[in-house]
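Remarks on the overall topology
One letter stands for each residue in the lines below.
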Amino acid sequence: MLALINGVHLGHESRGTVGPVLVLLHAFPLNRAMWEPQMTDLCVDFRTVALDFRGFGESDAPDGPYSMEMLADDVKGLLDHLAVERVVLCGLSMGGYVALAFYRKYRELVQALVLADTRAGADPPEVRQGRYQMMEIARREGPPAVAERMLPRLLAPITFERDPALVERVRKMMEAAPTTGLVGALAGMAERPDSTGLLPQIACPTLVVVGEHDAPAPPAEARTMAEAIPRARLEVIPEAGHLSNLEQPETFNQFLRDWLYDEVVGP
Ligand code: MLT
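What comes next concerns the included structure. (Residues numbered from 1 in each chain as written. Predicted model: local features only at pLDDT ≥ 70, side-chain atom pairs only at ≥ 80, totals over all residues. Heavy atoms only, no water.)

Surrounding the ligand, one finds Ala27, Phe28, Ser93, Met94, Tyr97, Arg119, Arg131, Met189 and His242. For the ligand, an oxygen atom lies 2.6 Å from a polar atom in the side chain of Tyr97. One nitrogen or oxygen atom from the side chain of Arg119 is found 3.1 Å from an oxygen atom belonging to the ligand. Protein coverage of the free-state accessible area of the ligand, which is 270 Å², stands at 93%. The residue makeup of the shell around the ligand, split by class, is 5 nonpolar, 2 polar and 2 charged. (Near = heavy atom within 4 Å. Polar contact = N/O pair within 3.5 Å; in protein donor to acceptor, adjacent residues only side chain to side chain. Areas by Shrake-Rupley, 256 points an atom, 1.4 Å probe, with all protein chains shown as cover. Nonpolar A, V, L, I, M, F, W, Y, C, P; charged D, E, K, R; others polar.)

Here is the structure:
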């Protein structure tokens, strides 16, 4: 489905009609299809909503940069469009950066937060530099070259061994991102602010979840982040890398469901 939000058509999908509204924010350079295992399973207990950020999936891809705040404003616009007032916001990696930007601006709407395989800090200089190089690669060689370079870091070695079908699914999702989307989001991530100072102010229940073998956002960083958030629970997912929700969907869903029942739905 498409909705016109802030002048941009955004792809989105809702499943389930009962329980708290769980809004799923995807990683870079993927799209809302990465949440299929969560939508399918969790929609029984929760109203699940997944959207494509501008530049990805079915959404329009205007010229960037797409700041994390701009993407958070798109999420807010979509919630208004869907007449949703309170959300459990779940962001993985870039989706987590957007979740933090959303919390900074619209905290009264956030019932609970899931920060999956993500980081609170801004980019160190060498990472920022790498993003500008990746923007050049995207412009010169196109999306498959970006996918080729990023894929090895997104999945755990054991996923490459055990699940070639998933590896290909992720590769195809990455290759489908248009160049303007890649460049717009890379520029936005490179310039995103440090959110470390926000962590002690996060008042809602928060689940920090991370794949045991996550290279871009390692478990040690997740632990530090969880320790800084007053009401956080940390879960580490065995045998998963950066895309923990896809690599170990059953464990991811179990952690998410248990935490939602403990912290949001109540006994
Ligand atoms: C992601 O998975 O969204 C990316 O790894 C985020 C990033 O490049 O920092």
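Next up on the list: unusual backbone geometry. Note that the residue after Phe28, namely Pro29, is joined by a cis bond; omega there is -5°. The topology assignment puts Pro29 in the loop between strand S3 (21–25) and helix H1 (36–42). Of note, the amide linkage connecting Gly64 to Pro65 takes the cis form, showing an omega dihedral of 0°. With respect to the secondary-structure elements, Pro65 resides in the loop between strand S4 (47–51) and helix H2 (68–81). Of note, Asn6 is a non-glycine position whose phi angle comes to about 50°, a positive value. With respect to the helices and strands, the residue Asn6 is situated in the loop between strand S1 (2–5) and strand S2 (8–15). You will see that Ser93, though not glycine, has its phi angle at about 55°, which is positive. (Helix = DSSP H or I, 4+ residues; strand = E, 2+ residues; numbered from the N terminus.)

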